[in-house]
Every structure is written in structure tokens, then in C-alpha cells.
Amino acid sequence: MQEMSGRWKNLYIAITLLTAANSISPQADDYKERKVEVVIGKIVEGVPGSGSTIILLEKDAKSPRYLPITIGLCEAVSLREYLEDRSFPRPLTYNLIINMLSRQNIKILEAVITKLEGSTFYARLFLKRGDEIWWEDARPSDAINIALRANAPIYVMEELLNSYQKEENREK
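The present account deals with the structure reproduced in this document. (Residues numbered from 1 in each chain as written. Predicted model: local features only at pLDDT ≥ 70, side-chain atom pairs only at ≥ 80, totals over all residues. Heavy atoms only, no water.)

### Here we look at the nonpolar core
By size, the foremost hydrophobic cluster in this structure holds 39 residues, and its most contacted members are Leu-56, Ile-113 and Ile-144. If we skip the residues at most four places from it in the chain, Leu-56 touches Val-38, Val-39, Ile-40, Arg-65, Tyr-66, Leu-67, Ile-69, Ile-113, Ile-144 and Val-156. (Core = buried A, V, L, I, M, F, W, Y, C linked by side-chain atoms within 4.5 Å. Buried < 20%, exposed > 50% of the residue type's maximum accessible area, 1.4 Å probe, protein only. Contact = heavy atoms within 4.5 Å.)

### A few points about the pattern of salt bridges
Counted by the stated rule, this structure contains 10 salt bridges. Note that Glu-37 and Lys-59 form a salt bridge whose closest N and O atoms lie 3.5 Å from each other. A residue pair is termed long-range when its members are at least 10 positions apart, and Glu-37 in strand 1 (residues 35-45) and Lys-59 in the loop between strand 2 (52-58) and strand 3 (66-71) qualify at 22 residues. Among the residues examined, Lys-59 registers a relative accessible area of 34% and is labelled partly exposed. For Glu-81, the salt bridge is made with Arg-86, and the minimal N-O distance between the two is 4.0 Å. Since its relative accessible area comes to 16%, Glu-81 is described here as buried. Each of Glu-58, Arg-65 and Glu-158 takes part in a single network of salt bridges with overlapping partners. (Salt bridge = Lys/Arg side-chain N within 4 Å of Asp/Glu carboxyl O. Helix = DSSP H or I, 4+ residues; strand = E, 2+ residues; numbered from the N terminus.)

### As for the side chain of Ser-78
In this structure, Ser-78 sits in helix 2 (residues 73-83). Given the relative accessible area of 9%, Ser-78 is considered buried. Setting aside its immediate chain neighbours within four residues, Ser-78 contacts Tyr-94, Asn-145 and Arg-149.

### Notes on the packing of helix 3 (residues 93-103) against helix 4 (residues 140-149)
Any two packed helices are characterised by how steeply their axes cross, that is the angle between the axes, and by the distance between the axes. Their axes nearest at 9 Å, the elements helix 3 and helix 4 cross at an angle of 60°. With respect to helix 4, the element helix 3 is oriented oblique. In the crossing of helix 3 with helix 4, the sense of the turn from one axis to the other is right-handed. On helix 4, the residues that touch Tyr-94, Asn-95, Ile-97 and Ile-98 of helix 3 are Ser-141, Asp-142, Asn-145, Ile-146 and Arg-149. Of the residues contributing to the contact of helix 3 with helix 4, the split by class is four nonpolar, three polar and two charged. (Axes fitted to C-alpha atoms, helices over the stretch in contact; angles between N-to-C directions. Parallel < 35°, antiparallel > 145°, perpendicular 65-115°, else oblique. Left-handed = near helix turned anticlockwise from the far one by under 90°. Nonpolar A, V, L, I, M, F, W, Y, C, P; charged D, E, K, R; others polar.)

### Some words on helix 2
Among all positions of helix 2, only Glu-75, Ala-76, Ser-78, Leu-79 and Glu-81 are buried. Where the residues of helix 2 are buried, they touch strand 1, strand 2, strand 3, helix 3 and helix 4. Once helix 2 ends, the next one or two residues include Asp-85, with phi positive near 60°.

The following block contains the structure:
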């Protein structure tokens, strides 16, 4: 095997450390008590250039809590096409990702919207191959699009959902 030089060796070490950090981070079950399953309630199209908002609704609740998340136009279009069961002759990006993961025997366990910092939401996509479970950091729009195509559940952290409801009540 050829010896790696300078920056390539550093890049390899950084990728290895990142992968190791994700592998030992909280697993999907660690969030079980603090997360709420949600479904796509609505996609609200914004003005051109501003993106769209998806409304996540608490699943199986009599009066569901909700969380609006603004996503990019392309991600919203992809989400809408999937929900409307449109098919294309060639795989689109999210379908390609699912196909590649499947070929590597990687299963999508779930998507979790984990936090809000400023006006940016964060998500984790939990994956499994064999006995190994790990997560990858993802934009919520990507995590949701991938989870839907993999028939995996989508969750929002309970405290995030609660804090949004409190904010909504304060504004009324």
C-alpha cells in the first residue's frame, strides 16, 4: 500500500475520527423516551427564492402539536413528488442514496430532528449495518426525504416540540 502524504493523511485521520465519534455517539434507543413521532402534515410553498415550509404533525394525537420547518425549494419539490407517488425513469438523488445504502446492507432506522440553533434546525439520520448502529448529521429536509423513502419513522425531540408550542402560545 502506498504511503499517504501530508494533507491526505490528515484528511484520512479526520474522516476516521469523525466516523468513530458518530459510532460511539447516542444510539437510536437512547432517544426513545424523549422523542415524538411525527408525520408530514402539509407543505406550504413560499415565495420564489425563499423555500417552502413543511409542517410536521405529532402522529396519533387527538390534538397534535406541530413544528414548521423551512426547507429549500428543491427538497420541498422532491418531498412533494414522493408524497404524490410520482415516478421517474431514472433514480433521483434521494432514491439513489437509498439504493446505495441498500446495496451496502445499511438500513435507515429513523430520522430525528434534534435541535434548533438560531433559525437552523438540526437532524440525525440513524443507520444500522449488522450489529453496528450509528448516526449521521443531516439537514432535516434531507433526513426526512431519506427516511420517508426508507419507510423509517421521523421523530422530533420532545423538548423542541414543547418549546415551539410555548413560543406559539406566548405570541397569541
